Amino acid sequence: MGEDKRIVEINGVKLEVDMRSARRIDEFKVGDSVKVLDQRDGKCDMRSGVITDFANFKELPTIMVAVYKAGSYWEKATIEFIPFNAMTRDIEIVGVSAEEIIVSRDTVVQKFDDEIARKRDELNDLIIKRDTFVKYFGKGQEVTHE
């Protein structure tokens, strides 16, 4: 094998790569959809994300990625903002091609709207309980024990 070729192993698959022509330059802009591989906490989750900001810090330029977690019946959907830079460990991001199906904007917005409605209902319930307590506290007859 020539000195311009290198064997690269990706998850058990060995590839011979000609380093003279191998080139990977990722170009991202705010608003781009990305796939995020999250290996924190010993897990391996792939989730959808969107680039929300580039912070051009002098020592550590950082990409901010909003990552969507769909949730389940027991868990609510969440958005986690993850800073991605040279110090980031256990997180990888890659671009999403136009052919790939990712989470839609409307789906995420609907999940947030659902959560907002739940929280409003919860708030209204607490207000009613508080007002009922205030209205009736101390109004009844005292109970005496003999």
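In the block above lies the structure referred to throughout.
Residues numbered from 1 in each chain as written. Predicted model: local features only at pLDDT ≥ 70, side-chain atom pairs only at ≥ 80, totals over all residues. Heavy atoms only, no water.

1. Looking at the environment of Asp-32
The condition is simple: Numbered from the N terminus, helices here are DSSP runs of H or I no shorter than four residues, and strands are runs of E no shorter than two. Residue contacts follow a heavy-atom distance rule, with two residues in contact if any of their heavy atoms lie within 4.5 Å.
Here Asp-32 lies in the loop between β2 (13–18) and β3 (33–38). Setting aside chain neighbours within four positions, we find Asp-32 in contact with Glu-27, Gly-49, Val-50 and Ile-51.

2. Details of the sheet that holds strand β4 (residues 45–55)
To be explicit about the condition: For two strands to be treated as a pair, DSSP must find no fewer than two bridges joining them. The axes are straight lines fitted to the C-alpha atoms, using for helices just the contacting stretch, and the angles between their N-to-C directions are given from 0 to 180°.
Spatial ordering of the open sheet is given by β6-β5-β4-β3-β7, a layout of five strands whose pairing is antiparallel. With one partner strand each, in any of the chains shown, β6 (78–84) and β7 (91–95) form the two edges of the open sheet. Averaged over neighbouring strand pairs, the angle between their axes works out to 35 degrees when direction is ignored.

3. A short note on helix α1 (residues 105–136)
Put simply, the rule is: Take the residue count of a helix, subtract one, and multiply by 1.5 Å to get its expected span.
Here α1 spans 47 Å end to end across 32 residues, near enough to the 46 Å set by a 1.5 Å rise per residue. Backbone geometry just after α1 places Gly-138 at a positive phi near 80 degrees.

4. With respect to the packing of aromatic side chains
Applicable threshold: Aromatic pairing here means that ring centres of Phe, Tyr or Trp (its six-membered ring) are within 6.5 Å. Orientation follows from the plane angle: under 30 degrees is stacked, over 60 is edge-to-face, and everything else is tilted. Burial here depends on accessible area, computed with a 1.4 Å probe over protein chains only, as a share of the maximum for the residue type. Under 20% is buried, over 50% is exposed, and the range in between is partly exposed.
Scanning the entire structure with this criterion turns up one aromatic pair. With a centroid separation of 5.0 Å and an interplanar angle of 35 degrees, the aromatic rings of Phe-133 and Phe-137 are classed as tilted. As far as the burial class goes, Phe-133 and Phe-137 line up, both exposed.

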